[in-house]
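# Results of the structural survey
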Amino acid sequence: MKNKLNYNYVIVFYDVGEKRVAKVFKICKQYLKHFQKSVFRGHITPANYLELKGKLLKVIDLDYDFVTFIQTISDSSFNEESIGNTGINPESIIL
């Protein structure tokens, strides 16, 4: 099966405050299929991906919550992007 250039497959997982869980769940469900607890996945157009991310940015607390997007570009390549507080201390990363 050929990879369509205008579609991506995305996996989204999140950890957000209790007051925002239902809102984040509802937004993700508009674009992707619910997979497990705080995990969604499915095909999404680049425009819908940007729309999804924009809606989530309006709902989450960037200092407390995080949402991670894993974008598969092909069968052997993917990109990971997180927004918000992932709990990783940047000073602890050794390059």
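Criteria and thresholds
Residues numbered from 1 in each chain as written. Predicted model: local features only at pLDDT ≥ 70, side-chain atom pairs only at ≥ 80, totals over all residues. Heavy atoms only, no water. Axes fitted to C-alpha atoms, helices over the stretch in contact; angles between N-to-C directions. Helix = DSSP H or I, 4+ residues; strand = E, 2+ residues; numbered from the N terminus. Parallel < 35°, antiparallel > 145°, perpendicular 65-115°, else oblique. Contact = heavy atoms within 4.5 Å. Nonpolar A, V, L, I, M, F, W, Y, C, P; charged D, E, K, R; others polar. Core = buried A, V, L, I, M, F, W, Y, C linked by side-chain atoms within 4.5 Å. Buried < 20%, exposed > 50% of the residue type's maximum accessible area, 1.4 Å probe, protein only.

Where helix H1 (residues 21-31) contacts helix H2 (residues 46-59), the two axes come as close as 10 Å, and the packing angle between them is 175°. In terms of orientation, H1 and H2 fall into the roughly antiparallel class. Residue-level contacts link Lys23, Val24, Ile27, Cys28, Gln30 and Tyr31 of H1 to Asn48, Glu51, Leu52, Lys55, Leu56 and Val59 of H2. For the contact of H1 with H2, the class distribution of residues is seven nonpolar, two polar and three charged.

Formed by 18 residues in total, the largest nonpolar core has its most connected members in Val12, Cys28, Leu52, Leu56, Val67 and Phe69. At the level of secondary structure, the elements contributing two or more residues to this core comprise strand E1 (8-15), H1, strand E3 (39-44), H2 and strand E4 (66-74). Broken down by element, this core gets its largest block of residues, four residues, from H1. Those residues within four positions of Leu56 in sequence are excluded, and the remaining contacts are Val24, Ile27, Cys28, Val67 and Phe69.

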